[in-house]
Amino acid sequence: MIVNLNLQGKVVVVIGGGNEALKRIKSLLKEKCQIIVISSTINNEIKNLIKNKKIKFKKQKIQDTSILSIYKPDIVITTTNDKKLNQKIIHDAKSKKIIAYSSDNSELSDFSNPAIIDFDNLIQIAIFTSGKSPAMAKKLRIESEKIFKKLITKEEIGQIKIQNIVREIAKNKIATQNERKNYLNSIMSNKKIKQLIKEGQLKKAEKQARIILRNWK
């Protein structure tokens, strides 16, 4: 089952500082979570992320699972070359009710990382093989992305941005969920708003959506 974890404000500990760790870190950067990398060595890209204060770093050689008690993470990700150590950390994390992921053992992990096609941080399409073949997931993502780029237009991205704004406002104005749904559907089908979005005039489109909301009965 594919799910999207809400990681905002959560603590994620990444153990290891190589390319595999970097891959996992990059997948987390948009999630507004606190990322702590623990390793005795790190590559240059991770160093840049630390320098730019995107992530935190603790230089330490991991020999046991004590870091779980020290940092109390919500999620732990192991990427070291020591499979036994990875397994030990994963097992201990599970016993502490910590979500765990091992880069070298999908069967032990609580989740798998799909290959993601991302549009403006608003639409994500996942290609998922349940961890059985990340290489094939990546290949299919690359091939599928060409198709989806033709299907998902700037107008649809703009519509999502407008919907996100007025949806929150509508909660205070329109009492019932069904009526809010009708209002949002009317915004999607409104010709004037669609034209403004097509022209890239999102502020004017938002203003028009607000006018419709004020007059909504």
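Structure's up top.
**Details of helix 2 (residues 44-51)**
Regarding helix 2, its N-cap is Asn-43, as a side-chain oxygen of that residue lies 3.3 Å from the backbone nitrogen of Glu-45 further along. Directly after helix 2, the chain includes Lys-53, whose backbone phi takes a positive value near 60°.

**Focus: unusual backbone geometry**
At Lys-72, a position not held by glycine, the phi torsion is positive, near 45°. Within the secondary structure layout, Lys-72 lies in the loop between helix 3 (66-71) and strand 4 (75-78). Residue classification places Lys-72 among the exposed residues on the basis of a relative accessible area of 60%. Residue Asp-120 is not a glycine yet carries a positive backbone phi of 60°. In this structure Asp-120 comes out as partly exposed when scored by relative accessible area, which is 46%.

**Brief notes about the packing of aromatic side chains**
Enumeration according to the criterion identifies two aromatic pairs in this entry. Their ring planes at 25° and their centres at 5.1 Å tell us that Tyr-101 and Phe-111 sit as a pair that is stacked. Within this pair, whereas Tyr-101 is found in strand 5 (residues 99-102), its partner Phe-111 is found in the loop between strand 5 and strand 6 (115-119), the two being separated by 10 residues in sequence. What makes Tyr-101 buried here is its relative accessible area of 8%.

**Remarks on the sheet that holds strand 5**
Here five strands make up an open sheet; going across it, the order is 3-2-1-4-5 and the pairing parallel. Looking along the sheet, the strands with just one partner apiece sit at the ends: strand 3 (56-59) and strand 5. On average, each strand axis in the sheet is tilted by 15° relative to the strand beside it, whichever way the strands run. Relative to strand 3, strand 2 (residues 34-39) runs parallel, the two being bridged by four bridges. Across the sheet, the residue bridging to Ile-36 is Lys-56, located in strand 3. This element, helix 1 (residues 19-28), spans strand 1 (11-15), strand 2, strand 4 and strand 5 of the sheet and lies at about 165° to strand 1.

**Let's talk about the nonpolar core**
If you look at the biggest cluster of nonpolar residues, it comprises 17 residues, and the most contacted ones within it are Val-14, Ile-25, Leu-28 and Ile-35. Looking at this core, the elements that each hand over two or more residues are strand 1, helix 1, strand 2, helix 2 and strand 4. The dominant element in this core, judged by the number of residues it contributes, is helix 1, at four residues. When sequence neighbours within four positions are dropped, the list of residues in contact with Leu-28 reads Leu-7, Val-12, Val-14, Cys-33, Ile-35 and Ile-77. By size, the runner-up hydrophobic cluster in this structure holds 16 residues, among which are Val-11, Ile-62, Ala-93 and Leu-108.

**Observations concerning the side chain of Ser-144**
Note on placement: Ser-144 falls in helix 5 (residues 134-151). In this view, Ser-144 contacts Ile-117 and Ile-127; residues no more than four positions away in its chain are not counted.

**A look at the pattern of salt bridges**
Across all of its chains, the model carries 12 salt bridges by this definition. With its nearest N and O atoms 3.6 Å apart, the salt bridge here joins Lys-23 to Glu-20. Pair noted here: Lys-23 and Glu-20 are both in helix 1, with a separation of three residues, about one helical turn. With a relative accessible area of 48%, Lys-23 lands in the partly exposed category. The exposure class assigned to Glu-20 is partly exposed, which follows from its relative accessible area of 24%. For the salt bridge of Arg-167 with Glu-168, the shortest nitrogen-to-oxygen distance reads 3.5 Å. In this structure Glu-168 comes out as partly exposed when scored by relative accessible area, which is 40%. Here the salt bridges share partners, and the residues they tie into one network are Glu-20, Lys-23 and Arg-24.

**Things to note about a nonpolar patch on the surface**
Judged by side-chain polarity, Val-3, Leu-5 and Ile-99 come together as a nonpolar surface patch covering roughly 230 Å² of accessible area. Its place among the elements puts Ile-99 in strand 5. Given the relative accessible area of 31%, Ile-99 is considered partly exposed.

Calculation rules
Residues numbered from 1 in each chain as written. Predicted model: local features only at pLDDT ≥ 70, side-chain atom pairs only at ≥ 80, totals over all residues. Heavy atoms only, no water. Polar contact = N/O pair within 3.5 Å; in protein donor to acceptor, adjacent residues only side chain to side chain. Helix = DSSP H or I, 4+ residues; strand = E, 2+ residues; numbered from the N terminus. Buried < 20%, exposed > 50% of the residue type's maximum accessible area, 1.4 Å probe, protein only. Phe/Tyr/Trp six-rings, centres within 6.5 Å; stacked < 30°, edge-to-face > 60°. Pairing = 2+ DSSP bridges. Axes fitted to C-alpha atoms, helices over the stretch in contact; angles between N-to-C directions. Contact = heavy atoms within 4.5 Å. Core = buried A, V, L, I, M, F, W, Y, C linked by side-chain atoms within 4.5 Å. Salt bridge = Lys/Arg side-chain N within 4 Å of Asp/Glu carboxyl O. Patch = residues over 30% accessible without salt bridge, like charges linked within 9 Å, V, L, I, M, F, W, Y side chains within 5 Å. Areas by Shrake-Rupley, 256 points an atom, 1.4 Å probe, with all protein chains shown as cover.

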